[in-house]
Each structure stands twice: as structure tokens, then as C-alpha cells.
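# Working through the structure, step by step
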Amino acid sequence: MALGASNTNSTRSNLSLPPENGTRTVSLSRRAISLTFQLLATLVLVLSTGHIIQPAPVHAVKRHDFKTCQQSGFCARNRALADRASQHVASWKSPYSLDSPAFNPADNHFTAHVSNQLFPGIHFSLQISFQKDGVARIKMDEVAGLRQRYNEAANWAVQSPPTLATQSDDFDVDLDSNGLGLTTISYAEGKRHQVQIQHSPLKISFFRDGQPHVVINDKGLLNMEHFRVKKIPLGDSETEGEVIIQDPDHPEQAKVIVSEEAFPGFLPPDESGMWEESFGGKTDSKPKGPESLSLDITFPGYEHVYGIPQHASSLSLKQTRGGDGAYTDPYRLYNLDVFEYDADSEMAIYGAIPFMKAHRAGSTVGVFHVTGSEAWIDITKSATPKATHAAFKHRSKDATSRSSSSSSDAGPGPTTTTTHWMTESGILDLFVFLGPSPTSVMSQYTALTGRIPLPQLFAIAYHQCRWNYQSDKDVLDVQRRFDESDIPLDVIWLDIEYAEEHQYMVWDRRYFPEPEVMQDKLAEKGRKLVAIVDPHIKRNPNLYYYKEAQDLDILCKTPDGKEFEGWCWTGSSAWTDWFNPKSWEWWIKQFRFENFKGSTKNLFVWNDMNEPSIFNGPEITMQKDAVHYGGWEHRDVHNINGMIYQNLTAQGLIEREDIPKRPFVLTRAFYAGSQRFGAMWTGDNLGTWEHLASTVPMLLTNGIAGMTFSGADVGGFFGNPSVEMMVRWYQVGAFSPFFRAHGHIDTKRREPYLFDQPYQGYMRDAIRLRYSLIPALYTAFYESRLTGSPILLPQYVLFPDDPKGFAIDNQFYFANSGLLVKPVVGEGVTESEIYISDDQPYYNYHNGQIIFGAATGGSHVNIPAPLDTLPILQRGGSILTRRDLVRRSAILAWRDPITLQIALDVTGSKASGSLYLDDGESYSNEKGEFIYRSFELAPEADGSKNLVLTSRSLHSGVSTGVEAYSPNENGWAKKISDVVVREIVVLGLASRPACVKKSGSGIGLEFSWTDGVAATAGRRRGGKEASKLVVKDAGALVIEDWSLVFDFGAACGITPAIDYDLALQSPECPTGQFLCKNAGHISSCILRSRVNDGICDPECCDGSDETDGKAACGNRCKEIGAEYRKKADEEARKRRVGAAVRSDYIKHGIKEKAKLESDVVDIEKQIAKLEEREAAAKRALDALESAEAGEIERKKNSQLYAQLAEMQAAIRALRLQRQNLEGHVNDLSGILGDLSRDFNPNYQDMAVLGASRAFKDWKTANGFADAEDEGSEASQDDGSQATFTAKDGEENVKDYTDGELKTMEEHDPLTLIDSLASRVGPVTPAGVGSILRIEDYLPSSWKPKFEEYKKLLVGILSKTGVIPAPSSGVPSDRPELTKARSAHTAITEEIHSAHQKLTDARKSLEKDWGRDWEWKKLDGTCVEKDLGEYTYSVCFFGEATQKSNANHGRTSLGHFSAWSSSAEQGSDAYYEKQVYDNGQRCWNGPARSAKIDLICAPTNALLSVIEPEKCEYLFTVQTPAVCYPKADESKQKDEL
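Our subject in this report is the structure included herewith.

Let us look at the packing of helix α8 (residues 472-484) against helix α9 (residues 515-523). At a closest axis distance of 10 Å, the pairing of α8 and α9 adopts a crossing angle of 5 degrees. When the interaxial angle is binned, α8 and α9 end up roughly parallel. Along its contact with α8, which presents Asp472, Val475, Leu476 and Gln479, the element α9 presents Met518, Lys521 and Leu522.

In C-alpha cells:
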């Protein structure tokens, strides 16, 4: 529950205040205690929210923020229904039955009336329709009810109206001809499918080949809660139990006509949760009352069910009611922003696709329950009934004959799975898919809901993101460092901080002053920018699109018709009603360049928070009784909302250009059909091994439910993973369809170039592997668009007859590439076990070792998996396409050669693969401008040893809607007419061919051969390297048909291969680099991958890097060289001037060093003399004290001495306690000050806002700051006393400094007693007493103050000799003893002071003031810079600070602690960095710190400050102190 200020204050005031604690003031008054504990109470409030992250945080989902089934009214009711069904098994039956069955041959629809015998006055309609592809659809709705149930979900999920079967002879219909209450309809594939409809109780069974596969209402749990009127109790004790019906015209709505005895247990015992429901302090008004739908669907003989994403769970779904490893709650489908979700849970997270598949050996079926509301699905398993086995054994000959010869259904397994679907609202709209294969079900489902569009090429490359890149300079610096490290990169992302006050599409010009320039600089390297655009709109009347939305009346409404308001990143926010047609064109237009100012065609969009996420809403989302267009409640459409938002955003990107390009929109929330609009990712995962392990099962589940283009945040969104985990996560990411690294604002930066070697190299290798495989991946995307098959194929999809693979979800096949990938997801793992279902040979992708599968039963093989290796096998019979030259971005490789890697099958003679290419961005491919080719290796003829590799076009007018392929008319083919298949690798040949040549040519191609194991060798030869043939320069054009013959007969002459890499290598450069001679300037070496990439590299000003026509660079060396020399001369001049200033610093330092050394000598001599004097004084004092020993002992035994000593001990204890407590108060004040200043509603918890407000109230109430001074962190480091204004009833108290207290502690009690005896003498005869008897005339309330002033005045007058010191007549020590004590004490204090000076001098000598003491001159010198929001300053060897220009609050960023930790001590580089640490602690983060980069300049100045990591600042400071003169400049002089 979000806590407001009033609640916070109440909580704070009720806390008890232990008397032993205090705060800053030494007096430790009630006031001080109150201040401390009010602050502590406020901190307790913050800590109670769980948001103060400790050094080693324990991440966990806040389950109490989200409902369980028991807390969800409709789920609890319907689950209880299932419980009662299990309790009444013998007598249980469903009250639903049908009558008036009919089949209309005109449209091939079955219809019937359905009634619930418990409510005879309520009527339902039932319709079953049949699609052309064999899919059946069941719809059931309430007829003439009080209201219309939501019936539009399919309009959003289904891409277009399905094509229905039209030929009546495709059906065989029996409408209960035998009077047994059973209708049967045979349909599809030669009437291979059949639906049997039992009339009473209603049950619908789907058969294929004479056996049941899907049964609906087999357990009698069908229950469509009809709309009804609410019963209102009269409230009169005399009429208890009577009700008033709200709608007298429909009295039957609330009356049970049929006795409940006929259907025992079916009705709920009460109406709990039907009419109102509260959770987390929020109330759902439920104005329509109960309207849920319960439905059981049984899969007879099917043990494994899959799908219903999104959950962090296994691929094969777990049981939810009993069984090993079962969950205790149903799987939930309800799009939610779940912070730090569990890695293994049935909880709902960001997406909801109500599609489920069931699979057994040789058979797959599926159901799609079309609902937009919240849904819960229970899964239970039981023994398969004997009748089901019997049905399989006794299939009719007719059914057997109708089944295809390719059917491999092994029959029902021993386990049957039953699912119980519970949805909150809507009609029953259920699609049933009878397969029979995994691919056919996925094809049918994606034909219905849509298939993925072909993305732009950059979208499947590597993306770099974090919350947040701070500025345009930061973005471009990330690009620069990727290039310097030779790590490919296609996209940089901007999270919410790019937008001014989180008003999306409005740039924060302080940090992104020229966003177009930034995007252009990315585009120069072939890169894109993605910016986040969330759906919440800041309720700012000056925000143009908020005002437009209000004017159009397209914002979501509350139940009373007002504008819905919630809280999100923008603060007070509104949400667009995407179901309102007026919102569609409006939102699409927002992406026009004139509206989204600062955007370019290279900017794409990220839709986050679109569940929708509402921080102060129930379950962090929108209240269910909010109202959408058409009067539908949010409960009806919740799961659909995010999909529409992504769709409209994608349309906006398409329509913003005259010649549209493919959009890229990433979404977090999704629904059935979202695959049509872009990519999704798995949300806010954690950087843990458990979350890494959960990634692959989640992606596999998404894929089989249509959401193929998916990925997870590499590294985890939260936390700081170890380097080992980061490497393993990049290896997983390299094979994820969507590959993006992302991190929370609190995490350390994790860009791969930041890691030390070898780990940086391992991550780089993973990314480069991804880029090399982009041809295969792009082909996979195209083929997925054609077939609906996922890119990551689970084991059961490729091998549907192997039960051992049905539950495997930690390995996958990479589309049709032949690659089998087994990511390592455990710590310290160095070997990986891979399961192989078939008997094909598998080749280790990294070293070519061959592994053989088993002919039957599958096999497990272990392969090495050191940290630098991702286990990958290439299956025999596959041809992998790749590009071995890895460019800095994917699009730059469009004219690079293709490599084919052929893995021979078990026969040693066959393999196949495919390749798709287009321009990677436009829609020209839909006009036929693409290349789609097959590669096939096969024997040249039956019985021939020779093999032929052929390339043939797969360009099909049927699949594309264009004419047959023609190289002369295909624009894309013309552009890549010179692109070739250059290198061909063949693994597993039995022997070396005599000749490899193009068909029809007499001249062969040069190739290399390595002996090894053949594909036909068998399992005993496994584990060794396979034979390897490499054709280095095949020169086969990708746009043409061709054949390559591997001739094992006669030898032939050869054409020597050209080594293209060697041709570009220069002896002046390292391996893999090309020399730009740059005549007129400085020669430079660039990476081989930078040659002919279409970019005019600045390092290659002579243009020699671009020779193939992609870019006309020209020779720019004369101009560049002149500018370079000009800048170099200016830098040299500045360095010379700075070096001269540094020389003065050195002279000053030398003098200071000599002075300190001299001071040390002098002080040491002084101490020696003082110690001699102290010894003499001590001897004299000891002699006198010996004579007075008795008197001294008497004083020490006196009560006064004991009390003085006790008071001194108490003062010391209280002073130390005060210091300790004050430190805690400062820490807490810093934390809460940061929270108050920096607060945005992070972590979706309004209690943090409550704590921030409480801290503001506390400061105002206790005099720390004005009410407007929110966030001020000004400290009292100057030692001044804090002054507090007493509250009513509290005394004003003086605060003492630590120095004053320490003086009190160190007073000698004997000296104090002597002082008392000497100062308080007999009554003076003079007029002092009479003069000072004025107190006799004062009011009694004034006398205490007067006595204080009197004592002070008498003390001053007596010390100056104006009056004699008063005396009480108490005997004192002899004057000579008192004098000796004073003399000894004075000498002791002199020695202490001298030692302190000596210590200070030695510390200064020991301090590292630079190699030549040049920095001593700058000790305490401060530089500062106003950067708009803050002014930053650093005082050398002192403190770095940040001061708010709004409220002048000062924040310490740390004190000087060290020079560079990464450079050799004493070197120039060592003195070019300073470290300042232990600053004020960040809210929810570490103590602040600053690193100072020092650069040479003639003057001292602060140039820039950035915060590359949270609370870690980077200052750039210029100073002459680092102007080290070069040898040839040491004697030159210059002036500014």
C-alpha cells in the first residue's frame, strides 16, 4: 500500500523514543533524542519498503503485491468448484445441456441452444465452425442476457477472418440419429477428424483417426457465470435473510429453480468476491457482478503440455495441483509488471498467450482460448483411462484408411493431462487444432494469429542498452569504444532519462542538445538508435500530445466517467484508450518527424510499461473497473492493451517516411498475435545463474506460441554478475533471436569492452559468432514467416517420436541451420552433456570432432565446455550459411562473400541448406526483390561416388505474390550481382576427391584436405576430428544456378585460389590489418574488416580503404594533414606553456619540501628541550606533592573528586556516543536527503514517496531546512554549533563542540579542586557583595540566569585583578604546589603541541605531492563548473562536491584518497588520475566517489563531469601540473 504523508507522520509519531539515545547536541536533551528518533522512524518506513539496497542485496519478487488464486474472487470460486467436483466424483455431473442441434450446409456451422439446468431462465448459444485447414472453432455466449459479454478478443488476436470449409461433401453429419443424445460431425483431411457432441451433460470430444485427442467438459467444470442482479439484504433483524431484487423484471436471475440436490456442490456456498473485491488497499467495484468462465479441457494420453506464455517456468508445463515439483497455484495469464520475478514460478508476468499444445509420441494437438481477461490454468495429471487405450487399439478400418501413411502416432501414453481454464470475463471462443505434428499445429496457429514480419537486418544483430546512457556524448563514446575494441554493434538504446521529465518524444536538450547529429554519427557506421516511448502520458497541460488526447477525448476513464489518473515514471499520468478508433491515427501521426522532433529515419522505438504498469494501481496495473471505448471494462481487455500499443507504434514508424521501411518496435507486454508487430523481451530478469538457466525455456515457450522474435536482457537487468556469468550470458544471447544487453541504473556498467582480458575476448567472440551467422539467422526469420515455425526449435519439435526429448528445455536447434546448441548456465561448468535423438553424425562446430548418435533410444554425449566455448554441434545432413568477415555492423556486410559449411549425413553423401538475402530494410522484398536459394549436396547419379553441390532458386510466386524469379528484373539481384559463395567447407568425406570443379568446366578449383573420420565411420570412431575439405575460392555467384562437382575419379588441372586476406595484409601492420599510406599525412593501419565496408575511415584519408564502389572517399590527406598539424602545434604550445607553469610549481614544491624538512629538525630540537624542562618540572612537582601527599590523598578520597572524575568519564562516554550517533544520523540524513532530492517512483512503490515526504516534514519541523529546501544536504563540517528552535514545552539548550567537551574531559580534578578553593574566599569587605546583591530585588524566575552572568563577571574581574578572588574559606594547597602543577601542565601542553606540529610536518613530507612535488602548490586549490542543474567542484587533495543550483544543497562526492590505481606508481600516467571516495551515500546505492582525469593545459579548470555509473562521477580537469615537457620542448618558451 502506498503511504501518504499523513500515514507516514502517524507511523512516525507512534514510535517510542528510548531515553538512552540522542542526536547532534552534547546536552542530549529530549529535543535531541526526539530529532534522532524521528529520523530513525522515517528510515524504518523506508526500510520497510525493502528499497535500501545493502552491499549484497537479496533480490526477490514482492509476492504480496500480486494476487494468488485464493485472493482472486473468480479463481477462488472456480477452483473451489473443481474441489467440490473431486469430492463428489460419483454423483458429479454438469448442469449444462444442449437442445435444438442443427447443421447448416450453406456455411457448415453446427449450432445449438445450451442451458444451465440450475438456471432454466438463462440461455446460451453454441456454435462450432470448421476452417479450411482443419481447425475447429467453438463459440458459446449468453443469449439475451442483462448485458453483452465481451466478444471482441478475436478481432485483435486473429489476423484476418479464417477461411471456412465450404464443400458440404467434406462433412459427414449425424444429428443424434439414433436418439442417444450424441451428434457427430466428421470433417477435414478426408473426414479424418471428428467432433462428438454429447447433449446432456454437455461434452465435446475431438477425435482424429478414431481416437479422442481433446475433450471439453469431461470433468464437468464448464460454468459460464451469467449476468445477474445483486441481492440487497434488508438489514432488519426481523427480516434477516430476506432480499430485495434490484431488477423486478428479471426475478429469475437470482433464483435457483432446480434443486441443488440434482447437481450437488455445483453452486458456490456464498457470493464472496462476486460484487466487490479488495486487494492491497484497492477495491474493484465490479459493477457488472460475476461473469467468469470455467472450462476443463482434457488431453487423453498426453503427458506433456506446452505454451501459455509468459511464465518463468519449464517448457513442459508443471502440475499445479499435486505431483513432483508442482506449483501450488494455477498458471496465471495477466500482463503485469513484476519486479524481480522468480526464475521458476507460475506467476503471471508481462505477456499472456492463451495457446496450449499437447504432445505425445507421434501426435500433437492444441487449443487457443481467445480471451483478453485475466485467466488462471490448473494442470493436473492422472492415469490414462483404459477406454482411451482401447479406442486406439480398436480404431476402425475406415479411420485407419483415412489416416495418412506418414502418421506415426504411437498411441496414448500412460498419463493424461487435464487443464482447468478460469477466465474472469468474456465469451467462450476456443480454437481446436488436431495436428498431427508439432509443426502443423504451429503452422495452423500462426496462420490464424499471424506470423512474424521480416525484420530489418540490424534488428537481429547486437543491441547495447542500459538505463541510462546519460548524453549524446556518452552514446557516441560507447560507439567509439566498441569500435576501438573491434566488437560489432548495430544499435544503441536510450532508456527513460533521454526524455525531459520523462515526457517521451521530448528530448532533454541539456544532455541531448542535437539528437539528429547523434543519430547521424551512428548512421555513419551503419548503426541505429532506439528510444523508449512508454504509454503513460504526463498530465502536463503544456505537453502537446496530452492536450491533443484530452481534446480528442481518447483517454481512459474511471467508472464515473472522469479522466483516469495513475502514477508512473512521469509522475501523475494519463493513459490513452487504444480501443478508441480516434486514438489510432492520432498516435501514428506522433512519429512524424515534425511531431517527434529530433527523430530521424534511423531512430526506432521501445514500448515498455505497456501492461499497463501503474505504480499506485492494484497489482501495479490499471484498476479493472476502468472504462474503455464501447463501455468495456478494463478487466475485459487487459491482456490485449499492450499489443495494440505496439501495433500502432509500428504503424507510426512505417508511415513517417514517403517510402516506408520495415519498423522495429520492442514490446514488453504481449498477447496472441503480437508477433505480427515486432520483438519482445522477457522483462526485468536478474543477473543470477537461476535466471540465466530460465532464459532458454522461456524463449522456447515463446517461440512455440508464435512469439519467435524474443530475447532476454543479457547479463540480467538487475545485479552485477560475475565475469563468468557475463560470458555465459553472451553465449546464450548470441543464439537468441533478439540479442540485447541491458542493465538497471543501479548496476555497474557492463559494456563488453569494460572487462579485462580474457573475458572481454570471450564476450567479443560470442558477439562475432552471432554476426558470422546472420545469413543463417536472417534466412531462419524468412522461413519462419513462411511456415510459422520458431527459430529456436525444442527437441520434441524436431524429433516428435522420441519421448526422451519431450521435456528437454536446456538445448535447442537453431532453426534449419543444423546447429544444435547447449548453453552452459551453471557456475564452474567445464563439460556439457548433450542429448542426441537420431543416428546422424554431429560435428563439433569449434574443432570439427565428429560424434555419432544412436540408431535407437537416443544418446547422451559429453563435450568440453571451457569458459571460452559454447557447446555447438552441426547435425549431419545440413549446410550452414555464414559470412566469415565480421563488419562493425551487420548492414555493412551486404556485399561480402558467403561461406558454406557442409556436414555430411550418415550416408556420407547428402546435405542441404538454404539462403535468403534482401536489402535488409525496405519492403522491396514483397515485390520479389530478394534472393532465396537452396543448396543441396547429393550423389551425381545413382551408384556414383561423385558428389554434386547445386544451388537453385527457391523464389516462388505462390509464396510472395510476384512473378517467377528473374535475375534481370530483380533489383536486389542486380545490386549483389558480384556477391559470391567463396569458401566451401565439407566435413566427413570418406576420402579425398581427385578434383573439385564447377559443372561444365575442365579446370578444377584449388582446395585443401585434412584427413579425419568419415561420416560413415560409426560410433566407435567418434570423438576424433572429421575429415575436412576446404575450397578457398569457389567464386560461385549467389544469384545464379550452379553446380560444383566433387570428382573422386580423374585428377584435373587447378586454378590457384586468391587469398583475399593476404592480398590486403601489409608487413608494416599487425596481422589482420591493412596499411593506409596517407601520403601527405601519417600512415595508419586499420582492421581488415574496415576495408570496403562502405565507410570512409578517417584513419585512411587517402581513400585506399574503399575500392569496390560502395563509397567514393577520395584523397583527403592534404586538408586533414594540415588540420592535424595545426592542432598538434597548438597542443604543443599549450604543453610548453603548461610545462613552464609546472616548473614554477616544482620550484614551489622544492621550497616547501625544504622548509618542512627544516621544520622537522627544528621541532625535534624544540621537543628535546621541552622534554628536559618537563622532567625538571616533574621532579619539582613530585617533591612538593610528596610533602603534600596526605592532603592530596584526602582530596582524591573526597566526594567532590569522585564526582568530578565520574562526570568526566560520563562526558567522555556521552561525547563518543554523540559522535557515533551523529554519524548514523548523518548517514540516514544523507540517504533520505538523496531519496528526497532524487526521488522518482522507482521500483513501483509509493511507500518510497511517503518516506520522502516524511523526511521533508521532519526537516521543516526540526529546523534543518526550509520547506522549499528539499534535498539539501548541507553539512556542518566547519564545526559550528547547531542551533535548534525548541518546540513548545521544551527548553533551549546550548550545544558544545567536541573540542569544548574534550577540554572538560582532560581537566585535572585536583587542579579543579584547587581552583575552587582559591577562587571562593571569605566575604569581601568592599562593596562587591552589596553591589551584586541585586538578586534580592529580582523575580525568582530571573535569578538562575542572573547567577550565571554574576559568576562569569566575578571570574573576569578577579582574573584581571580588579577585585580579589572570592573564597569560601576552604583550606587550599600551598601556593608553591599549585604553581608547580600549573608549570608542569603548561610544559606538557607545549610538548603535545610540538608533537602535533611534528606529526603534521612529517605527514606532509610523506604525502605524495607528485614526482617533483609539483602538486604541493595546488594543495587546496579549487576548480568548479556550472553544468546547469548542478555546480561541481573539486579542491585538490580535499573534497569533490556537487551543489544543486535549485536549492543549493551540497553533496560530498568524496575526499582525496589516492592517485591512479591502474598505472605504475611514479609514472606520468600515475599522476594523471586522482580518486576521491567515501562521499555521501546514494539513495539505494553506494557511497559517492569521483575519479579525476587530469589533462595538460596552461591553467587549472574543471572541464566536464559525467556520471558513467550510478554515484560514480568522472571529472575531467585541466592543469599545468601534468604538462610533462617532451625532450625536444624542454627548453622552449612560449606565452599564452
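Here we come to the environment of Trp507. If you trace the backbone, Trp507 turns up in the loop between β25 (491-494) and α9. Sequence separation of Trp507 and Gly598 is 91 residues, and the distance between their C-alpha atoms is 7.4 Å. Polar side-chain contacts of Trp507 include one of 2.9 Å to the backbone oxygen of Lys597.

The geometry of helix α22 (residues 1117-1187) relative to helix α30 (residues 1375-1406) is characterised by a closest axis approach of 8 Å and an angle of 160 degrees between their N-to-C directions. By the angle between their directions, the pair α22 and α30 is classed as roughly antiparallel. Where α22 crosses over α30, the handedness of that crossing is left-handed. Considered class by class, the residues forming the contact of α22 with α30 number 16 nonpolar, 5 polar and 13 charged.

Another aspect to go through is the environment of Phe130. Position of Phe130 relative to the elements: it lies in strand β3 (residues 119-130). Taking relative accessible area as the criterion, Phe130 reaches 1% and is therefore assigned buried. Put simply, Phe130 and Phe110 are 20 residues apart on the chain and 9.0 Å apart in space, counted from C-alpha to C-alpha.

So, about the state of the cysteines. Going through the model one piece at a time under the given rule, you end up with 9 disulfides. Sulfur-sulfur distance for the disulfide between Cys1076 and Cys1100 comes to 1.9 Å. Every disulfide takes its handedness from the sign of the S-S torsion; for Cys1076 and Cys1100 that torsion is -100 degrees, giving left-handed. Of this pair, Cys1076 sits in strand β58 (residues 1073-1076) while Cys1100 sits in the loop between β59 (1084-1087) and α22, placing them 24 residues apart in sequence. Like Cys1100, Cys1076 is buried. Between the sulfur of Cys1101 and that of Cys1117 lies a disulfide, 2.1 Å long from S to S. Handedness here is read from the sign of the S-S torsion; for Cys1101 and Cys1117, about 100 degrees, the answer is right-handed. Taken together, the residues span a long stretch of sequence, with Cys1101 in the loop between β59 and α22 and Cys1117 in helix α22 at a distance of 16 residues. Relative accessible area serves as the criterion here: at 0%, Cys1101 is assigned to the buried category. With relative accessibility at 0%, the residue Cys1117 sits in the buried group.

Calculation notes
Residues numbered from 1 in each chain as written. Predicted model: local features only at pLDDT ≥ 70, side-chain atom pairs only at ≥ 80, totals over all residues. Heavy atoms only, no water. Axes fitted to C-alpha atoms, helices over the stretch in contact; angles between N-to-C directions. Helix = DSSP H or I, 4+ residues; strand = E, 2+ residues; numbered from the N terminus. Parallel < 35°, antiparallel > 145°, perpendicular 65-115°, else oblique. Contact = heavy atoms within 4.5 Å. Polar contact = N/O pair within 3.5 Å; in protein donor to acceptor, adjacent residues only side chain to side chain. Left-handed = near helix turned anticlockwise from the far one by under 90°. Nonpolar A, V, L, I, M, F, W, Y, C, P; charged D, E, K, R; others polar. Buried < 20%, exposed > 50% of the residue type's maximum accessible area, 1.4 Å probe, protein only. Disulfide = S-S within 2.5 Å.

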